[in-house]
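This is what each chain is made of:
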Amino acid sequence: GAGVSQSPSNKVTEKGKDVELRCDPISGHTALYWYRQSLGQGLEFLIYFQGNSAPDKSGLPSDRFSAERTGGSVSTLTIQRTQQEDSAVYLCASSLLGYSGVTQNEQFFGPGTRLTVL
Amino acid sequence: AQRVTQPEKLLSVFKGAPVELKCNYSYSGSPELFWYVQYSRQRLQLLLRHISRESIKGFTADLNKGETSFHLKKPFAQEEDSAMYYCALDGSSNTGKLIFGQGTTLQVKP
C-alpha cells in the first residue's frame, strides 16, 4: 500500500514569508508526528497527534510554528514569518498505536520536505 | 531530562571489519529504544527495537541499563551498510514520541 507522502518535496521561500507543509499519513494510522532534521542537529521532535486527543506541541520551537490535523488524517505544518534558521528537512511519520497502550509501534516516515529560507 | 547521545558523527570501517555504533541515553524510567536507518536517497526506516531482541541485516543491539547504553553491533560490515544511523528513545508513556540522537554516518570502505 501507499506509504506516508509529503508535499512539496522542496520549498524555497524568502525570509518573512509563510509556508505550509503537507503530510498524508498511512490510511488507518492513528498517530502522526512531525520532526525537523537539521544539518548537525539530528532529528528534533516538533508535534504529535493521536486520534481526537489534544496534540502534544511541546517540541515546537516558537509560536511561529503551528500544525493541524483534519479529520484524523492529513496534517499541515505552518511556519509563519520564516527565518533562515528554519531551513531544514521536515519529516512526517505515522504509526498505529493501540488504545491499550501498545508500545514499540513502528513509525513510518515520509520522504520529507526540504525547506530553504533565503 | 530525556536525552540520546551518539558520540560519533562519522564511523569509517573497511568491509568485513566489526562495527559498533554507540548510543547512550538518559531516562529515569524503563526506556524503549530503537535504531532507525536512512540509506542514501531513501526514507528513514526502523532497523530494530530492543524489546524484540531481533537481529536485522546482521545487526544486533543490547540494552544495558547499568551503562544506559544501546550500542548497535555487526560482526562483519558490508558496503551496503553505509548509511546514517539514528538511535531513538521512547520515554513518553506509550505515545510513541521519539527522542533521537544526532545520528552517526557509517561509511564502509571496500
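**Q** Give a detailed account of the state of the cysteines, specifying residues and quantitative values.
**A** Applying the stated rule across the entire model yields two disulfides over all chains. In this model, Cys23(A) is linked to Cys92(A) through a disulfide, with the two sulfur atoms separated by 1.8 Å. Negative torsions about the S-S bond denote left-handed disulfides, and the value of about -65° found for Cys23(A) with Cys92(A) makes this one left-handed. Of the two residues, Cys23(A) sits in strand β3 (residues 19-24) while Cys92(A) sits in strand β8 (residues 88-95), which places them 69 residues apart along the sequence. According to the relative accessible area criterion, Cys23(A) is buried, its value standing at 0%. Residue classification places Cys92(A) among the buried residues on the basis of a relative accessible area of 0%. Disulfide pairing is shown between Cys23(B) and Cys87(B); the S-S distance is 2.0 Å. Sign of the S-S torsion, about -65° for the bond between Cys23(B) and Cys87(B), identifies this disulfide as left-handed. Of this pair, Cys23(B) sits in the loop between β3 (19-21) and β4 (24-26) while Cys87(B) sits in strand β9 (residues 83-90), and the two are 64 residues apart along the sequence. A relative accessible area of 0% places Cys23(B) in the buried class.

**Q** Run through the pattern of salt bridges, naming residues and quoting values.
**A** The final tally for this structure, using the stated rule, is eight salt bridges over all chains. Two residues, Glu106(A) and Arg49(B), come together in a salt bridge whose shortest N-O distance is 3.7 Å. Within this pair, whereas Glu106(A) is found in the loop between β8 and β9 (108-109), its partner Arg49(B) is found in strand β6 (residues 45-49), the two belonging to separate chains. Overall, the relative accessible area of 17% leaves Arg49(B) in the buried class. Between Lys22(B) and Glu20(B) there is a salt bridge whose closest N-O contact spans 3.0 Å.

**Q** Before we move on, could you go through the confidence of the model for chain A and cite the residues and values that matter?
**A** Across chain A, the average pLDDT comes to 89, with 92% of residues at 70 or higher. The low-confidence segment residues 98-102 of chain A, where pLDDT is below 50, has five contacts with residues more than four positions distant or belonging to other chains.

**Q** An account of the environment of Asp86(A) is needed here, citing residue identities and associated values.
**A** Residue and element names in this part refer to chain A. Position of Asp86 among the secondary structure elements: in the loop between β7 (75-79) and β8. When the C-alpha atoms of Asp86 and Ser38 are compared, they prove to be 8.9 Å apart, with 48 residues separating the residues in sequence. Excluding anything up to four places from it in sequence, Asp86 contacts Arg36, Arg64, Phe65, Ile79, Leu115 and Val117.

Quick notes on the rules
- Residues numbered from 1 in each chain as written.
- Chains lettered and ligands numbered in written order.
- Predicted model: local features only at pLDDT ≥ 70, side-chain atom pairs only at ≥ 80, totals over all residues.
- Heavy atoms only, no water.
- Disulfide = S-S within 2.5 Å.
- Helix = DSSP H or I, 4+ residues; strand = E, 2+ residues; numbered from the N terminus.
- Buried < 20%, exposed > 50% of the residue type's maximum accessible area, 1.4 Å probe, protein only.
- Salt bridge = Lys/Arg side-chain N within 4 Å of Asp/Glu carboxyl O.
- pLDDT = per-residue confidence, 0-100.
- Contact = heavy atoms within 4.5 Å.

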